[in-house]
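The residues making up each chain are set out below.
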Amino acid sequence: MKALRVDAVLGLQWGDEGKGKVVDTLACRYSVVARFQGGPNAGHTLYHRGHKVVLHQIPSGIFHEGVYCLIGDGVVLDPEVLLREVEGLRMLGIDPLERLVIGENVHLILPVHIWLEEVSAEGEKIGTTRRGIGPAYADRYARRGIPVAWLDRSDFRQRIEELTAYHVARFPGAPPPIFSESFWMGIELLRELPRVRLSEWLIQFDSVLAEGSQGTMLDIFAGTYPYVTSSHTTIAGVLAGLAVPPQAIREVYGVTKAYATRVGEGAFPTEVFGEEAQWLQTRGSERGSTTGRLRRCGWLDLVALRYAIEINGVSRLTLTKADVLCGLPQVKVRTGGSDTHPEYTILPGWQTLEDASFEEFIRFIEGFTGVSVWGVSTGPSREDWYERIAV
Ligand code: GDP
């Protein structure tokens, strides 16, 4: 039997590092691209034949013919969002149903989960995207959730109604959630898709690219709790979310921007404000692809990056969006201090990414983290890319 090889693309910051672009660049080298955690809060922005496409549930590999796309067990899935995405892709001439497969242990996001974020103020404080992801994971861990494996059970609808009634009873007076027609259409769509036991399905392939959502600093355990997401965004999430053994993991692609951004509340030691922040937001188009919210911006935090590299076992560090910083006389990187009093090292800026000072920046990152910068993304499109170390 062939040994299964699993490589992973993980965000090393607070999400939005450009993972979608990196996955899109690497996808054609794999048989399967798989999401292993998260829900429709991830918004990977991709460009396909000049069209901007944001994918929330379907793995970015869908634009590559012949590549299977797996929504793995660790994911929570909103049937309505899936339906919209499938329809959108069909309009671009891609039929995702030919290559899309769902793990049987994926859990459903129900209308009541989205409703819960509206009627309770908890999500607001954490800065969630209000897509029902947190409540869906909470139900999953409270062993009340609904896995897609139950779609064929005769009491499937009853289970959904019971769970909805359970939550509605906690908020007397609030108008109950609405089950839209498109929710049930999404459920019908799910019935059409192959639902698989991952350990049995994956063994027919030789290579899988696991596509992370959010970033390491938002991991439910390793991140800046409580301002975190509800799942494991780290390498641990790949093992659990795809049901693969640790021996299967080969390369860990860790993605970081040349600066930093964060959405929502929570510690952000290198944050900048005022004009500096506006400059980065504008130059880097730092607005959430799912929520439209402006992102908080700051300098690259090498202390946090080194931590993320260590806990994920990153072997191939990938740098994105250094082009955004072109033209600055100097750039700062955090190299020490505490979270409240970070210390910086100032490095010369670059006019273009061919400048020697950009290579100097890369070498500084390598020296500090102890890992080579393997890939460099030089712009949003697939072609804006080079690999520093030949595979
Ligand atoms: P993801 O969730 O990690 O995939 O990140 P997002 O899609 O939210 O944000 C990344 C954004 O940056 C997208 O709009 C990408 O098209 C864009 N992007 C990715 N890499 C680069 C790069 O190297 N330079 C520039 N200028 N934009 C990039």
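Within each chain, residue numbers correspond to sequence positions counted from 1 in written order. Note on the predicted model: pLDDT of at least 70 is required for a residue's local features to be given, and 80 or more for side-chain atom pairs to be given and counted; whole-chain, interface and lining totals, by contrast, use all residues. Processing note: side-chain calculations cover all non-hydrogen atoms of the structure and skip hydrogens and water entirely.

## Points about the side chain of Q57
A run of DSSP states H or I qualifies as a helix once it reaches four residues; a run of E qualifies as a strand once it reaches two. Both are numbered from the N-terminal end. Considering the arrangement of structural elements, one finds Q57 in the loop between strand 4 (51–55) and strand 5 (68–71). Under the relative-accessibility criterion, Q57 is labelled buried at 0%. Any two residues whose heavy atoms approach within 4.5 Å are treated as being in contact. In this structure Q57 touches R35, G39, P40, I71, V75, V76, L77, D78, V81, L82 and E85, once residues within four positions along its chain are discounted. Summary of the burial criterion: residues with accessible area below 20% of their type's maximum are buried, those above 50% are exposed, and those between are partly exposed, where the area comes from a 1.4 Å probe applied to protein chains only.

## So, the sheet that holds strand 1 (residues 5–11)
At least two bridges found by DSSP between two strands is the condition for calling them paired. Taken together, the 10 strands give an open sheet; going across it, the order is 9-7-5-2-10-1-11-14-17-18, and neighbouring strands pair in mixed fashion. Of all the strands in the sheet, just strand 9 (195–196) and strand 18 (385–387) have a single pairing partner and so form its edges. Direction of pairing for strand 2 (residues 32–35) relative to strand 10 (residues 207–211): parallel, over a ladder of four bridges. Each bridged residue has a counterpart across the sheet, and for R35 the counterpart in strand 10 is E211. Throughout, an axis means a line fitted to C-alpha atoms (over the contacting stretch in the case of helices), and angles, computed between N-to-C directions, take values from 0 to 180 degrees. Of the strands in this sheet, strand 1, strand 2, strand 10, strand 11 (249–257), strand 14 (316–320), strand 17 (373–377) and strand 18 touch helix 1 (residues 19–26), which is tilted by about 155 degrees from strand 1. Contacting strand 14, strand 17 and strand 18, helix 12 (residues 356–369) crosses the sheet at an angle of about 140 degrees to strand 14.

## Comments concerning the pattern of salt bridges
Definition used for salt bridges: Asp or Glu carboxyl oxygen within 4 Å of a side-chain nitrogen of Lys or Arg. On inspection of all chains with the given rule, the structure shows 23 salt bridges. Taking the shortest distance from any N to any O, the salt bridge between R195 and D152 comes out at 3.2 Å. Of the two residues, R195 sits in strand 9 while D152 sits in the loop between helix 5 (133–141) and helix 6 (156–168), which places them 43 residues apart along the sequence. Classification of R195 by relative accessible area gives partly exposed; the value is 24%. Across the pair R295 and E286 runs a salt bridge, and its minimum N-O distance is 2.7 Å. There is no split in this pair, since R295 and E286 are both buried. A network of salt bridges, in which partner residues are shared, links D16, K257, E286, R295 and K321.

## A short note on the packing of aromatic side chains
Note on aromatic pairs: each is described by the distance of the centres and the angle between the planes. For Phe, Tyr and Trp, rings pair up if their centres lie within 6.5 Å, where Trp contributes its six-membered ring, and each pair is then called stacked (planes under 30 degrees apart), edge-to-face (over 60) or tilted (otherwise). Following the criterion strictly, the structure yields 14 aromatic pairs and no others. Members of the aromatic cluster, connected to one another through ring pairs, are Y68, W201 and F205. Only lysine NZ and arginine CZ atoms are considered, and such an atom sits over a ring when it is within 6 Å of the ring centre and within 35 degrees of the ring normal. We note R153 situated over the ring of W150; from NZ or CZ to the ring centre the distance is 4.4 Å. Above the face of the W184 ring, R157 is positioned so that its terminal group lies 3.9 Å from the ring centre.

## A few points about the sheet that holds strand 12 (residues 259–262)
Backbone hydrogen bonds hold the strands of a sheet together, and the pairing may be parallel or antiparallel. Pairing in this open sheet of four strands is mixed, and the strands run 12-13-15-16 from one edge to the other. Of all the strands in the sheet, just strand 12 and strand 16 (342–348) have a single pairing partner and so form its edges. Direction aside, the axes of adjacent strands within the sheet are offset by 50 degrees on average. In this sheet, strand 16 lies alongside strand 15 (residues 330–337) in antiparallel orientation, the contact comprising seven bridges.

## Overview of the domain arrangement of the protein
All domain edges in this entry derive from an automatic or database-based domain assignment. For the protein, the assigned domains are domain 1 (5–103 + 195–253), domain 2 (107–189) and domain 3 (257–387). When each unit is reduced to the centre of its C-alpha atoms, the spacing between domain 1 and domain 3 is 23 Å. Each partner contributes to the interface: domain 1 provides 35 residues, whereas domain 3 provides 37 residues. At the surface where domain 1 touches domain 3, the tally comes to four salt bridges. Here D24 and R382 are joined by a salt bridge, their closest N and O atoms 2.7 Å apart. Contacts described as polar in this section are N or O atom pairs within 3.5 Å, which, within protein, must combine one atom able to donate a hydrogen with one able to accept it, while residues neighboring in sequence count only if both atoms come from side chains. Here domain 1 is connected to domain 3 by 20 residue pairs in polar contact (both at pLDDT 80 or more). Across the side of domain 1 that touches domain 3, the residue classes tally to 17 nonpolar, 11 polar and seven charged. As a working rule, the residues Ala, Val, Leu, Ile, Met, Phe, Trp, Tyr, Cys and Pro are called nonpolar, Asp, Glu, Lys and Arg charged, and the rest polar, with Gly in that last group.

## Considering the site of the ligand
Near the ligand lie 20 residues; those nearest to it are K19, G20, H44, D323 and S377. A distance of 3.2 Å separates an oxygen atom of the ligand from a polar backbone atom of E17. The side chain of S377 places a nitrogen or oxygen atom 2.6 Å from an oxygen atom of the ligand. To be clear on the numbers: accessible area is Shrake-Rupley with a 1.4 Å probe, and residue cover counts the displayed protein chains and nothing else. Burial of the ligand by the surrounding chains reaches 90%, relative to a free accessible area of 580 Å². Partitioned by chemical class, the residues of the shell around the ligand number three nonpolar, 10 polar and seven charged. Counting residues domain by domain, the shell around the ligand receives three or more from each of domain 1 (5–103 + 195–253) and domain 3 (257–387). We call a residue near a molecule or strand as soon as one heavy atom of that residue lies within 4 Å of the molecule or strand.

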